[in-house]
Amino acid sequence: ARWRLSGCVPSADDFRRLEPDRYLNDVLLDWFLGHMQKQYCARRAHIFSALFHTRLSTQGWAGVRTWTRKLQTVMPAGIFARDFLLVPLHDPEISHWSLAVVCYPWAGASHCDGRERRRCVVLFLDSIADGSGWAHLAGSGGEDTAAAARELAALSLLREYLANEWRSIFGASGGAFVGEAVVGARVAV
């Protein structure tokens, strides 16, 4: 099918969601992000399904522990062989999507297998959040507190997920993943 890009095929109703005053859905996001990955960043990025964050936030690590196993058959280091992880975030209370980009997930490890030392950072791209920079997430006055709360909750979940995924892939011999060292920042979009 001509629209089959990421394993999902949007229906005519899905495409009608692109009209003004309509909300995007997970099928459109998965389709578009799959297209982006194939066109621009197949080797450097892993894009999670639009349902990943919801499952992670409701079922924890146990609910998503097998979601990257196919990648691990190709690359034993799994998501840690990638420089960027894109995680769509959905807030059902306000029917809003935003995006978390985990930069250099491998840099959260206590050792980096000889790679240039970088810092693992989670960037939050949210079209309705005010401001830019970590200070807004940390609660230092004037920020969009609803957006900051969403981002801090997502950051905490992603830290925990990355630590569990690291342990699952590398075991005790792989050193530790230091979730507390992963920082978050809002990028104005």
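Residues numbered from 1 in each chain as written. Predicted model: local features only at pLDDT ≥ 70, side-chain atom pairs only at ≥ 80, totals over all residues. Heavy atoms only, no water.

Undergrad: Explain the overall build of the chain to me, and be specific about the residues and the numbers.
TA: Helix and strand content of the chain: six helices and five strands. Long-range pairs, those at least 24 residues apart, make up 56% of the contacts in the chain between residues at least 6 apart in sequence. Per element, the accessible surface of the chain, about 10100 Å² overall, is 54% carbon and sulfur. (Helix = DSSP H or I, 4+ residues; strand = E, 2+ residues; numbered from the N terminus. Contact = heavy atoms within 4.5 Å. Areas by Shrake-Rupley, 256 points an atom, 1.4 Å probe, with all protein chains shown as cover.)

Undergrad: Got a sec to walk through the packing of aromatic side chains? Specific residues and values, please.
TA: Enumeration over the complete set of coordinates arrives at 12 aromatic pairs. Arranged with centres 5.9 Å apart and planes meeting at 50 degrees, the rings of Phe80 and Phe177 form a pair that is tilted. On the criterion of sequence distance, the pair formed by Phe80 in the loop between α4 (69–74) and β2 (84–91) and Phe177 in the loop between α6 (145–170) and β5 (183–187) is long-range, its members being 97 residues apart. Residue classification places Phe80 among the buried residues on the basis of a relative accessible area of 2%. Under the relative-accessibility criterion, Phe177 is labelled buried at 9%. Ring centres of Phe84 and Tyr104 lie 5.6 Å apart, and the angle between their planes is 45 degrees; this geometry places the pair in the tilted category. Linking Phe84 in strand β2 with Tyr104 in the loop between β3 (96–103) and β4 (121–125), this pair joins segments that are 20 residues apart in sequence. Through a chain of ring-to-ring contacts, the aromatic side chains of Phe48, Phe52, Trp61, Trp67 and Tyr161 assemble into a single cluster. (Phe/Tyr/Trp six-rings, centres within 6.5 Å; stacked < 30°, edge-to-face > 60°. Buried < 20%, exposed > 50% of the residue type's maximum accessible area, 1.4 Å probe, protein only.)

Undergrad: Talk me through the packing of helix α3 (residues 52–64) against α6; I want residue IDs and the actual numbers.
TA: Running from N to C, α3 and α6 cross one another at 35 degrees; their axes reach a closest spacing of 11 Å. Relative to α6, α3 is oriented so that their crossing is left-handed. Residue-level contacts link Phe52, His53, Leu56, Ser57, Trp61 and Val64 of α3 to Ala154, Leu157, Tyr161, Asn164, Glu165 and Ser168 of α6. (Axes fitted to C-alpha atoms, helices over the stretch in contact; angles between N-to-C directions. Left-handed = near helix turned anticlockwise from the far one by under 90°.)

Undergrad: How would you explain the confidence of the model for the chain if you had to name every residue and give the values?
TA: For the chain, mean pLDDT is 81; residues scoring 70 or higher make up 78% of the total. Confidence, expressed as mean pLDDT per element, reaches its minimum in the chain at helix α5 (residues 134–138) with 45 and its maximum at α3 with 95. Taken as a whole, residues 1–6 scores under 50 in pLDDT and shows 13 contacts with residues more than four places along the chain or in a different chain. (pLDDT = per-residue confidence, 0-100.)

Undergrad: Explain the nonpolar core to me, and be specific about the residues and the numbers.
TA: The tendency in soluble globular proteins is for nonpolar side chains to be buried side by side. Formed by 38 residues in total, the largest nonpolar core has its most connected members in Ile79, Phe80, Val122, Tyr161 and Leu162. For this core, the secondary-structure elements that each account for two or more residues are β1 (45–47), α3, β2, β3, β4 and α6. With nine residues, α6 is the largest single contributor of residues to this core. In contact with Ile79, not counting residues within four places along its chain, are His46, Phe48, Thr68, Leu71, Leu85, Pro105, Tyr161, Leu162 and Glu165. (Core = buried A, V, L, I, M, F, W, Y, C linked by side-chain atoms within 4.5 Å.)

Undergrad: Explain the pairing of β3 residue by residue, including any values.
TA: Counted residue by residue, β3 has eight buried out of eight residues, so it is predominantly covered. With burial as the criterion, each face of β3 is covered, one bearing His96, Ser98, Ala100 and Val102 and the other bearing Trp97, Leu99, Val101 and Cys103. By the bridge criterion, eight bridges tie β2 to β3 in an arrangement that is antiparallel. Its bridge partner lying in β3, Leu89 is registered against Ser98. Taking the residues that link successive antiparallel strands as the turn, the β2-β3 hairpin has four residues, and the phi of Ser95 there is positive, at about 50 degrees. Both β3 and β4 contribute to a ladder of five bridges, which runs antiparallel. Looking at the pairing, Val101 lines up with Leu123 of β4. (Pairing = 2+ DSSP bridges.)

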